[in-house]
Amino acid sequence: MLPRRSRLSVLVFLVPPLLLYGFAVLLPIGQSLVLSLYKWDGISTMRFVGLDNYVKMLTRDDVFWTAFSNAIGYLVICLVLQLGGALLVAGLLTALPRARELVKTLYLLPAVISTVAIALLFQRIYSLEPLGLLNQLLGWVGLEHLQTAWLSNVSTVLAAVSIPEGWRFTGLYMLIVYAALIAVPHELEEAARLDGASWWQTFWRIRFRYIRPVWITTTVMATTYALRGFDIPYLLTNGGPGQASELLTTYMYKTAFVHTDYGYASAISVFIVVECLVAVGLIFLLLRRGDDK
């Protein structure tokens with residue numbers, strides 16, 4: 001539908017980023033796929049093993065399935081904090097008469113702070129000896145019996161490493177959702193109120209439906225980032241205690257650089273890529289069904 005000169009211009013501008021994307025993303029994925037068919041320690045000769053790494057991963061490795069279940073729990077907590085928090089704060093911002101820029105800046109600050117600084121901050125917050133902020137707050141409200149070493153307790157460590165990641169990116173997604181909310185035509189909301197719609201009906205039937213494309217993109221971003229989460233859990237606990245906070249990403253890293261089994265680590269990395277693709281597909285499927293309704 002474009003004139004020939006316009007098609008050529010589009011092609012000229014698209015080819016360089018596509019080449020860069022192929023070199024920086026698709027090529028490493030292809031190399032990981034090939035390497036996953038071999039057993040290699042990084043020094044000796046590579047030995048072809050076919051699908052044995054995948055068979056081992058899916059049938060003979062209990063740590064892998066523990067890491068997978070932890071990754072799902074990590075994903076759920078991050079999504080609740082990031083998407084739920086982003087939608088809540090963005091909705092409140094639209095009703096805030098003053099200081100919007102200040103509030104947006106404060107919520108965005110964690111996204112630009114160093115990951116190491118965030119990890120050190122939450123180590124102090126969760127600390128039991130000396131008493132960290134969280135345990136101090138529990139003591140002040142008379143809940144001393146709930147004080148614990150949050151990063152050393154098997155029952156709390158997964159939530160403890162998930163919360164910093166959720167807190168870190170809530171502000172970023174809040175800005176995206178807020179930009180979509182302020183673009184909703186006021187005429188639609190006013191018409192709904194005149195027809196007797198409640199606050200919830202106006203939000204769900206008008207505002208949320210209008211921002212659905214942005215919401216889908218934000219959900220995909222949050223999901224894929226959480227499934228690839230590595231730095232904060234690794235810095236806080238290194239997957240411990242035991243494998244209570246081991247994620248697929250931390251397990252892949254240790255398999256490659258601690259146990260020097262690059263073939264098996266590549267198989268895990270391929271699984272993570274497939275996992276992300278499946279998650280994105282499910283998101284589009286579920287939200288498309290919502291559109292049909």
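Here, the structure is the one placed above.
Okay, so let's go over this structure. Keep in mind that what you see is a predicted model, and the values were worked out from it rather than measured. (Residues numbered from 1 in each chain as written. Predicted model: local features only at pLDDT ≥ 70, side-chain atom pairs only at ≥ 80, totals over all residues. Heavy atoms only, no water.)

**Topic: helix H12 (residues 248–257)**
Then step 1. Of all 10 residues in H12, 7 are buried, a share of seventy percent or more.
Then step 2. All buried positions along H12 are accounted for by Leu248, Thr249, Thr250, Tyr251, Lys254, Thr255 and Ala256. (Buried < 20%, exposed > 50% of the residue type's maximum accessible area, 1.4 Å probe, protein only. Helix = DSSP H or I, 4+ residues; strand = E, 2+ residues; numbered from the N terminus.)

**Let's talk about the pattern of salt bridges**
Once their charged atoms are close, side chains differing in charge can pair, the charge on each being opposite to the other.
Then step 1. By the definition in use, this model includes 7 salt bridges.
Then step 2. Ionic pairing is found between glutamate 246 and lysine 254, a salt bridge with its closest N-O pair at 2.8 Å. In terms of burial, glutamate 246 and lysine 254 fall into one category: buried.
Then step 3. It is possible to trace a salt-bridge network through shared partners that takes in Glu189, Arg193 and Arg207. (Salt bridge = Lys/Arg side-chain N within 4 Å of Asp/Glu carboxyl O.)

**Describing the side chain of arginine 207**
Then step 1. Residue placement: arginine 207 occurs in helix H9 (residues 199–210).
Then step 2. Looking at arginine 207, the relative accessible area reads 13%, which means it is buried.
Then step 3. Setting aside chain neighbours within four positions, we find arginine 207 in contact with Thr94, Leu181, Val184, Glu189 and Thr202. (Contact = heavy atoms within 4.5 Å.)

**Regarding the side chain of threonine 237**
Then step 1. With respect to the element layout, threonine 237 can be found in helix H11 (residues 231–237).
Then step 2. Side chain to side chain, threonine 237 and serine 245 meet in a polar contact 2.7 Å long.
Then step 3. Apart from residues lying up to four places away in sequence, threonine 237 is in contact with Leu151, Val157, Val161 and Ser245. (Polar contact = N/O pair within 3.5 Å; in protein donor to acceptor, adjacent residues only side chain to side chain.)

**A word on the layout of surface pockets**
Then step 1. As a volume, the largest pocket reaches approximately 390 Å³.
Then step 2. Taken together, 19 residues form the lining of the largest pocket, with Gly91, Thr94, Glu189, Trp199 and Arg207 sitting closest to its centre.
Then step 3. Within the residue set of the lining of the largest pocket, elements represented by two or more residues are helix H3 (62–94), helix H8 (186–194) and H9.
Then step 4. In terms of residue count, the dominant contributor to the lining of the largest pocket is H3 (5 residues).
Then step 5. Taken together, the residues of the lining of the largest pocket sort by class into 10 nonpolar, 5 polar and 4 charged.
Then step 6. In this structure, the second largest pocket occupies an estimated 250 Å³ of space.
Then step 7. Of all the secondary-structure elements, those providing two or more residues to the lining of the second largest pocket are helix H1 (4–35) and helix H13 (262–292).
Then step 8. Considering each element in turn, the lining of the second largest pocket owes the most residues, 6 residues, to H1.
Then step 9. In terms of residue class, the lining of the second largest pocket is made up of 9 nonpolar, 2 polar and no charged. (1 Å grid on protein atoms, 1.4 Å probe; cavity = no way out; pocket = protein on both sides within 12 Å on 5 of 7 lines; lining within 4 Å. Points joined across faces, edges and corners; volume = space filled by probe spheres on them. Nonpolar A, V, L, I, M, F, W, Y, C, P; charged D, E, K, R; others polar.)

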